[in-house]
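So the chains spell out like this:
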Amino acid sequence: MDTKEWQVNLDKFDRHVMNYIPIRLIRLSDMKFAERNDIKKHFRNSVPRSKCDQHPASLVKYAILSHRWLDEGEPTYEEIKLGTARGPGYEKLEKFCATARTYKVEFAWSDTCCIDKSSSSELDQSIRSMSRWYYNSYICIVHLAESETIEDIMRDEWIRRGWTLQELLAPVYIKFFNKHWMHMTRDANDKSSKKTEIMKTLERATGIPHKELQKFQPGPVRVDERMMWASKRKTTRVEDVAYCLMGIFDVSLQTAYGEGGDRAFSRLIEAIMQGGDPSVLNWTGKPVFRSSSAIPRSPENYIGRTLQLPPVLGRLEMAMTSLGLRVPLVVLLLTISSSTERSKDEKNVTFECPLSRAIRCKATVSNTMVAGNHQFALGIVNYSRVSFTAPRIAGKSIGCILVRSAAHQKTCQPTSNAFVRHEIVSPPEQVFGGWQKLGQMGLVEVNFPNIPSDSYIYIKDEHLEIVYL
């Protein structure tokens, strides 16, 4: 036996158990809790004693449950610990554990009873880690309490809950069971690379493409598309609208129940923005706070997006400040070329860019904005900076329409000797405030004339501005 190699394997195994599996599991042999240290002792002798590439997850096999909670009667941590759990929720747990045993695993996990919810630190750690726990499970067993056939999945409440989104996407192996705890397919893994009946039904029910259902990669990318998946899902606690998406976008937030849904979701968006994907800006509707026009209120804001973004946009520097979202954009001024009345208070306008009259985009603006005391611009988000200092923009560019209004101010020229005269300057006739995102619009697409969509042009550095949205 190579003692050194065994110690390396033990260290790797210990790291996995203490960081990448649930805090406690249910031991299926006696339905008692097993803490992480118990798991380490249980599997210690199975750790390879010579050099090998075996991942610790292949040793620590546990089943994990995905289900719709009952309105009442789910077993609690204390009840399982004391052995007093009874009722329909416990019966469901027993059937889950019996099903797990058929997969030759010794341990199982359920979110109803395996988290000590009286401990705020344990609850916080569990919520932040849950997606990883589902990913590292040997098998995820999904119980659909309202379904008998595959077609019933379309109407099952499980499809409409917030937390079940990551429970569907994170696991590598998943098996669906109907209301009677019967297999819904004969496949070993219902996450099939083939377009099976259940995969096609899941795609229709969730709006998630087959390739994402089969092999999902978490991360703060294609934010608008992924928010669409969550837009019609509901949670009991308003903060969970944000917390249940941490695993999808691979970000971490400290949980703070009571902060409210708006604040929780704005913190999620700010964390996602650190990844730099401009698709996070592709939403419509009212922002969550008056202090920034760039933060949406909920995933539902992404439903109204009209632009399908290309898969790769490049990274955009974004940082939230007291002045709003600080973001550098390539800003091209726009002028109104035509307008038609939409309603008593609004007009449909067509903008053109003085840089090239062939660049046009449309928007709906209020009548007061057309009056002449506002400026408009296109803020391009998918530009890049390479070795050459000038910004590089694509023939097909993506941006947001910006607006700023004339500032009302009183100015005077000092006549006393209290000032050094040459340090005082006269302002222009019209001074404008900061740029803001126009109304409730999402991102727009513009095509530069005679520039192929996959080609680039370089534009003067003076067009790159720091704006606060």
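Labelled according to an unreviewed UniProt entry, the chain appears under the name Heterokaryon incompatibility domain-containing protein, originating from Rhizopogon vesiculosus.

*Asks:* For this particular structure, what's the right way to read the overall build of the chain?
*Replies:* Helices and strands together make up the secondary structure of the chain, namely 13 helices and 19 strands. When its C-alpha atoms are laid out on the principal axes, the chain stretches across 90 × 55 × 45 Å. For the chain, buried positions account for 49% of its 469 residues. Within the chain, residue pairs in contact and separated by at least 24 positions form 64% of the contacts whose partners lie at least 6 positions apart. Counting only carbon and sulfur atoms, one obtains 49% of the accessible surface of the chain, whose full area is about 23900 Å². The positive charge centre, built from 64 side chains, and the negative charge centre, built from 54, are 2 Å apart in the chain.

*Asks:* Whenever I open this one, helix 4 (residues 88-101) confuses me. Can you help?
*Replies:* Owing to its 3.6 residues per turn, the α-helix brings residues three or four apart onto one side. When the terminal C-alpha atoms of helix 4 are compared, their 20 Å separation across 14 residues agrees well with the 20 Å that a helix rising 1.5 Å per residue should span. Of the positions making up helix 4, those classed as buried are G89, Y90, K92, L93, F96, C97, T99 and A100. Against strand 1 (24-27), strand 3 (62-66), helix 3 (77-82), strand 4 (107-109), strand 5 (139-143) and strand 6 (174-177) lie the buried residues of helix 4.

*Asks:* Hey, could you run me through the nonpolar core in this one?
*Replies:* Among soluble globular proteins, nonpolar side chains are generally buried collectively. Grouped together as the largest cluster of nonpolar side chains are 133 residues, with contacts concentrated most on F176, M227 and L281. Each residue touching L281, except ones within four places of it in the same chain, is listed here: M273, A294, L316, M318, L325, V381, K437 and L443.

*Asks:* I'm lost on the domain arrangement of the chain in this one. Help?
*Replies:* One widely used convention gives an interface's size as the accessible area the parts lose upon coming together. For the chain, the domain assignment lists domain 1 (1-216), domain 2 (218-307) and domain 3 (319-409 + 428-468). One C-alpha centre belongs to domain 1, the other to domain 3, and the line joining them spans 48 Å.

*Asks:* What is the right way to look at the pattern of salt bridges in this model?
*Replies:* Oppositely charged side chains can pair when the atoms bearing their charge come close. The tally for this structure, following the rule as stated, stands at 20 salt bridges. A salt bridge links R160 to E157; the nearest nitrogen and oxygen atoms lie 2.9 Å apart. Judged by its relative accessible area of 35%, R160 is partly exposed. Each of R68, E157, R160 and R161 takes part in a single network of salt bridges with overlapping partners.

*Asks:* I'm lost on the packing of aromatic side chains in this one. Help?
*Replies:* Two descriptors summarise a pair of aromatic rings, namely the distance from one centre to the other and the angle between the planes of the rings. Taken as a whole and assessed by the stated rule, the structure comprises 9 aromatic pairs. Ring plane angle 40° and centroid distance 6.3 Å describe the contact between F177 and W181, whose orientation is recorded as tilted. Just as F177 is buried, W181 falls in that class too. Ring geometry for F216 versus W229: centroids 6.1 Å apart, planes at 65°, classification edge-to-face. One end of the pair, F216, is in the loop between helix 8 (210-214) and helix 9 (223-230); the other, W229, is in helix 9, with 13 residues separating them in the sequence. By relative accessible area, F216 is classed as buried at 11%. The buried category is assigned to W229, whose relative accessible area is 5%. Aromatic rings pair up to connect W109, W133 and Y134 into one cluster.

*Asks:* So what exactly am I meant to see when it comes to the side chain of E212 here?
*Replies:* Structurally, the position occupied by E212 is in helix 8. In contact with E212, other than residues within four places in its own chain, are L169, R222, R226 and W229.

*Asks:* Any chance you could explain the sheet that holds strand 5 here in plain terms?
*Replies:* Backbone-to-backbone hydrogen bonds pair the strands of a sheet. The strands run either parallel or antiparallel. With mixed pairing, 6 strands are arranged side by side in an open sheet as 2-1-4-3-5-6. Each end of this open sheet is capped by a strand with a single partner; those strands are strand 2 (32-35) and strand 6. In this sheet, neighbouring strand axes are inclined to one another by 35° on average, regardless of whether the strands run parallel or antiparallel. The pairing of strand 5 with strand 6 spans 4 bridges and is classified as parallel. The partner of V142 across the bridge, within strand 6, is F176.

*Asks:* I tried to follow a nonpolar patch on the surface on my own but got confused; where do I start?
*Replies:* Taken together, the side chains of Y135, V172 and Y173 present a nonpolar region at the surface, about 310 Å² in accessible area. Within the fold, Y135 resides in helix 5 (residues 120-136).

*Asks:* Quick question: what am I supposed to make of the UniProt feature "domain: Heterokaryon incompatibility" (unreviewed entry) in the chain here?
*Replies:* Under the UniProt annotation, "domain: Heterokaryon incompatibility" (unreviewed entry) lies at residues 62-147. Split by type, residues 62-147 is 43% helix and 15% strand. Its first and last C-alpha atoms lie 25 Å apart.

*Asks:* Looking at this structure, how should I read the environment of A264?
*Replies:* Note on placement: A264 falls in helix 12 (residues 261-273). Given a relative accessible area of 0%, A264 falls into the buried group. Placed 26 residues apart in sequence, A264 and V238 show a C-alpha to C-alpha distance of 8.6 Å. Beyond its immediate stretch of four places on either side in the chain, A264 contacts E239, A242, Y243, L253 and E259.

*Asks:* Explain the pairing of strand 2 here, please?
*Replies:* Each regular strand displays side chains that alternate between the two surfaces of the sheet. Relative to strand 2, strand 1 is paired through 4 bridges, and the arrangement is antiparallel. Opposite R27, over in strand 2, you have K32 as the bridge partner. From the end of strand 1 to the start of strand 2, which pair antiparallel, there are 4 residues, and M31 there has a positive phi angle of about 60°.

Definitions and cut-offs
Residues numbered from 1 in each chain as written. Predicted model: local features only at pLDDT ≥ 70, side-chain atom pairs only at ≥ 80, totals over all residues. Heavy atoms only, no water. Helix = DSSP H or I, 4+ residues; strand = E, 2+ residues; numbered from the N terminus. Buried < 20%, exposed > 50% of the residue type's maximum accessible area, 1.4 Å probe, protein only. Contact = heavy atoms within 4.5 Å. Areas by Shrake-Rupley, 256 points an atom, 1.4 Å probe, with all protein chains shown as cover. Lys, Arg positive; Asp, Glu negative; His and termini not counted. Charge placed at Lys NZ, Arg CZ, Asp CG, Glu CD. Expected span 1.5 Å × (residues − 1). Core = buried A, V, L, I, M, F, W, Y, C linked by side-chain atoms within 4.5 Å. Domains from an automatic or database assignment. Salt bridge = Lys/Arg side-chain N within 4 Å of Asp/Glu carboxyl O. Phe/Tyr/Trp six-rings, centres within 6.5 Å; stacked < 30°, edge-to-face > 60°. Pairing = 2+ DSSP bridges. Axes fitted to C-alpha atoms, helices over the stretch in contact; angles between N-to-C directions. Patch = residues over 30% accessible without salt bridge, like charges linked within 9 Å, V, L, I, M, F, W, Y side chains within 5 Å. UniProt positions renumbered as here; feature names shortened; annotations may be inferred.

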